[in-house]
Amino acid sequence: MEFEYFKYPEKFAFLTDGPMPCSVCLDIKICFDAGGYPGMNDIECICASCLKAGKLIDLDIEPNMILDDGSEAAKTITYKTPSLPTWQDTVWPTIDGKHPVFECIASKQDFTNKQEFLGCFVEDSQSKKDVEWLWDSLPDKKLNSYKEGGDVSVYLFSLENQKYWVWGAN
Ligand SMILES: [Zn+2]
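Residues numbered from 1 in each chain as written. Predicted model: local features only at pLDDT ≥ 70, side-chain atom pairs only at ≥ 80, totals over all residues. Heavy atoms only, no water.

## So, the coordination of the zinc ion
Distances from the zinc ion to its protein donors, Cys22 (SG), Cys25 (SG), Cys47 (SG) and Cys50 (SG), fall at 2.3 Å. One can describe the donor arrangement at the zinc ion as tetrahedral, given that its four donor atoms subtend angles of 103 to 114 degrees at the metal. Summarised as a motif, the one-chain spacing of the donors to the zinc ion is C-x2-C-x21-C-x2-C. Note on accessibility: Cys47 and Cys50 belong to one class, buried. (Donors = N, O, S within 2.8 Å, 3.2 Å for Na, K, Ca; no water. Tetrahedral: all angles 85-135°; square planar, octahedral: opposite > 155°, others 65-115°. Buried < 20%, exposed > 50% of the residue type's maximum accessible area, 1.4 Å probe, protein only.)

## So, the packing of aromatic side chains
Here the distance between the centres and the angle between the planes together describe a pair of aromatic rings. Considering all chains together, one arrives at 12 aromatic pairs under this definition. Measuring from centroid to centroid gives 5.3 Å for Trp92 and Phe157, while their planes differ by 70 degrees, and the two rings are edge-to-face. Linking Trp92 in strand S6 (residues 91-92) with Phe157 in strand S8 (residues 152-159), this pair joins segments that are 65 residues apart in sequence. When its relative accessible area of 0% is taken as the criterion, Phe157 is described as buried. Aromatic pair Phe121 and Trp165: ring centres 4.6 Å apart, planes at 45 degrees, arrangement tilted. (Phe/Tyr/Trp six-rings, centres within 6.5 Å; stacked < 30°, edge-to-face > 60°. Helix = DSSP H or I, 4+ residues; strand = E, 2+ residues; numbered from the N terminus.)

## Looking at the nonpolar core
Of all hydrophobic cores here, the largest spans 51 residues; its most connected members are Phe32, Ile46, Trp92, Phe102, Phe111, Phe117 and Trp165. Per element, the largest residue contribution to this core is five residues, and it comes from S8. In terms of domain composition, this core takes at least three residues from each of domain 1 (1-83) and domain 2 (87-170). Beyond its immediate chain neighbours, meaning those up to four positions away, Phe117 contacts Phe111, Val131, Leu134, Trp135, Leu138, Val154 and Trp165. (Core = buried A, V, L, I, M, F, W, Y, C linked by side-chain atoms within 4.5 Å. Domains from an automatic or database assignment. Contact = heavy atoms within 4.5 Å.)

## A word on the pairing of strand S7 (residues 101-105)
Taking burial as the measure, the five residues of S7 include five buried ones, the bulk of the element. As judged from the four bridges shared by S7 and S8, these two strands associate in the antiparallel manner. Bridge pairing in S8 places Phe102 opposite Phe157. (Pairing = 2+ DSSP bridges.)

## Concerning the domain arrangement of the protein
Think of interface size as the accessible area that goes away when the parts come together; that is how it is often given. Examined at the domain level, the protein breaks down into domain 1 (1-83) and domain 2 (87-170). Taken residue by residue, the interface counts 21 residues in domain 1 and 20 residues in domain 2. Both faces combined, the contact of domain 1 with domain 2 buries some 1700 Å², and carbon together with sulfur accounts for 66% of it. Our enumeration of links across domain 1 and domain 2 arrives at one salt bridge. A salt bridge links Lys7 to Glu103, with the shortest nitrogen-to-oxygen separation between them at 3.4 Å. Those elements that place two or more of their residues in the side of domain 1 that touches domain 2 are helix H1 (9-12), strand S5 (65-66) and helix H4 (72-79). Examining the composition of the side of domain 1 that touches domain 2, we find that three residues originate from one element, H4, more than from any other. For the side of domain 1 that touches domain 2, a count of residues per class yields 13 nonpolar, three polar and five charged. (Buried area = accessible area lost by both parts, 1.4 Å probe. Salt bridge = Lys/Arg side-chain N within 4 Å of Asp/Glu carboxyl O. Nonpolar A, V, L, I, M, F, W, Y, C, P; charged D, E, K, R; others polar.)

Laid out in structure tokens, this is it:
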């Protein structure tokens, strides 16, 4: 299970609890739970090979939202990458026209200190000042699964050895 833009799918993607028939190829294995994937069609789940092969393109199902700049990377993230572990429509960030890799749901361990944390925030409608409070809500220990996340999640990305994050509340 390797994805160019999603580093640890076993830990941070929504998976089926046990082996299930993939809704596309019917192979029975641990699949991505696609029940929450938005799109024109509904499927229950999809296996890693079907997802990587782009089977969701014809089904018009988009696991992720990202600025559509017409690039191959944006297409890969939209259709061929497991969904970010979020229940709301958290948009995959674009950094100076480039596409970062989703690393994990962040904890305090992922940053040297609050200053570094705030320095990595991807500003959009909110500024760094608006999100200062999030530092205190970060888990102290590194997360091993999205299931250990709280109601507020900081999604950590990386691009060329730099960290970036966006956040969402469930
Ligand atoms: Zn499949």
